[in-house]
Amino acid sequence: MAHEHLDNVKHYLLALQDRLCDGLAKADSQASFKEESWTREEGGGGRSRVIEDGAVFEKGGVNYSHVYGAELPPSATAARPELSGRAFHAVGVSWVLHPENPHVPTSHGNVRFFIAEKTGEPPVWWFGGGYDLTPFYPVMEDVVHWHRVAEAACQPFGEDVYPRYKKWCDDYFYLKHRDETRGVGGLFFDDLNAGSFEDCFAFQRAIGDSFLEAYLPIVERRKEDGWNDQQRDFQLYRRGRYVEFNLVWDRGTLFGLQSGGRTESILMSMPPLARWEYGYTPVPGSPEARLTEEFLRPRDWLGEASATP
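Some remarks on empty space enclosed by the protein
At step 1: Tallied over the entire structure, the rule returns three cavities of 30 Å³ or more.
At step 2: As a volume, the largest cavity reaches approximately 50 Å³.
At step 3: In terms of lining residues, the largest cavity is bounded by Thr134, Pro135, Phe136, Arg182, Arg238, Arg241, Tyr242, Leu291 and Leu296.
At step 4: In terms of residue class, the lining of the largest cavity is made up of five nonpolar, one polar and three charged.
At step 5: Size it by volume and the second largest cavity reaches roughly 40 Å³.
At step 6: As for the second largest cavity, its lining consists of His103, Pro105, Leu133, Pro135, Tyr137, Pro138, Val139, Asp142 and Val143.
At step 7: Residue classes in the lining of the second largest cavity are distributed as seven nonpolar, one polar and one charged.

Here's what the structure looks like:
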């Protein structure tokens, strides 16, 4: 038996996928999203949309999925062992954008909803999601804008929400083996079921609805910036960190693979090109060095901006 509100969540997520694709394709102005529907033998399926070789986006995807089955995979119950053995529904939209221009940041986000069911007991439901920004040549104006939109999306739900989910994002998107954050953060939340379903669903919608407002102004400001081969090489090198995080640390990737999801859709998040270089060290004082020295660590971006005359 599915949760009574599952259809409402699915309706919102399908519409969100449409709106994200429309807004991103308009910003690209050259390429459009191609859709491929898929089904999962154990139950469920989805529709994957990919944009490639555009004026802005070298590769990007916005994927919707709804999968269900008789037992939650281990990645979903590692922190909640009491849910082991329960049937489940998992529905969500995830997106990732890999621009060609090194001055336009990569970005990722998702919003998702889970239900775990057991005969004779009430269903257990929760929401999760968020979004984060991964620049290669960061501009403080862009980082502050990104976090201001994230803060505004959280504001109606409590003063403590943005700082709490901002910190969770910093902690989650941290490459322990590199001792650095993946980017400049954003929001991350999981296991959200405190209060009413309506309030939690409203928060999920606020996050999903705010992404284009956070990201597209940055795209518009940077997409015409000139770049050279050296900057492109550095972008591809830093993309290697993105791959490392997704394959080593990301719970969403693991859940998708463990639940028998469509591999092509799960690994859509990977960049089309990346490179690794042994022992790379940026030139001291260079923009490349500034990325790791100033930006790839948790910072109070909004507090620092407010304190700047």
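So, the side chain of Arg238
At step 1: Considering the arrangement of structural elements, one finds Arg238 in helix 6 (residues 229-248).
At step 2: Excluding anything up to four places from it in sequence, Arg238 contacts Phe136, Glu180, Leu291, Thr292 and Leu296.

Regarding the state of the cysteines
At step 1: Throughout the structure, instances matching the rule amount to zero disulfides.
At step 2: Considering cysteine sulfurs only, Cys169 is the nearest to Cys154, which forms no disulfide, with 11 Å between them.
At step 3: Of all cysteine sulfurs, the one in Cys154 lies closest to Cys200, which takes part in no disulfide; the gap is 13 Å.

Remarks on a nonpolar patch on the surface
At step 1: Judged by side-chain polarity, Leu247, Val248 and Trp249 come together as a nonpolar surface patch covering roughly 290 Å² of accessible area.
At step 2: Among the secondary structure elements, Trp249 is positioned in the loop between helix 6 and helix 7 (251-258).
At step 3: Look at Trp249 and you get partly exposed, because its relative accessible area is 31%.

Calculation rules
Residues numbered from 1 in each chain as written. Predicted model: local features only at pLDDT ≥ 70, side-chain atom pairs only at ≥ 80, totals over all residues. Heavy atoms only, no water. 1 Å grid on protein atoms, 1.4 Å probe; cavity = no way out; pocket = protein on both sides within 12 Å on 5 of 7 lines; lining within 4 Å. Points joined across faces, edges and corners; volume = space filled by probe spheres on them. Nonpolar A, V, L, I, M, F, W, Y, C, P; charged D, E, K, R; others polar. Helix = DSSP H or I, 4+ residues; strand = E, 2+ residues; numbered from the N terminus. Contact = heavy atoms within 4.5 Å. Disulfide = S-S within 2.5 Å. Patch = residues over 30% accessible without salt bridge, like charges linked within 9 Å, V, L, I, M, F, W, Y side chains within 5 Å. Areas by Shrake-Rupley, 256 points an atom, 1.4 Å probe, with all protein chains shown as cover. Salt bridge = Lys/Arg side-chain N within 4 Å of Asp/Glu carboxyl O. Buried < 20%, exposed > 50% of the residue type's maximum accessible area, 1.4 Å probe, protein only.

By themselves, these observations are geometric and do not establish any function.
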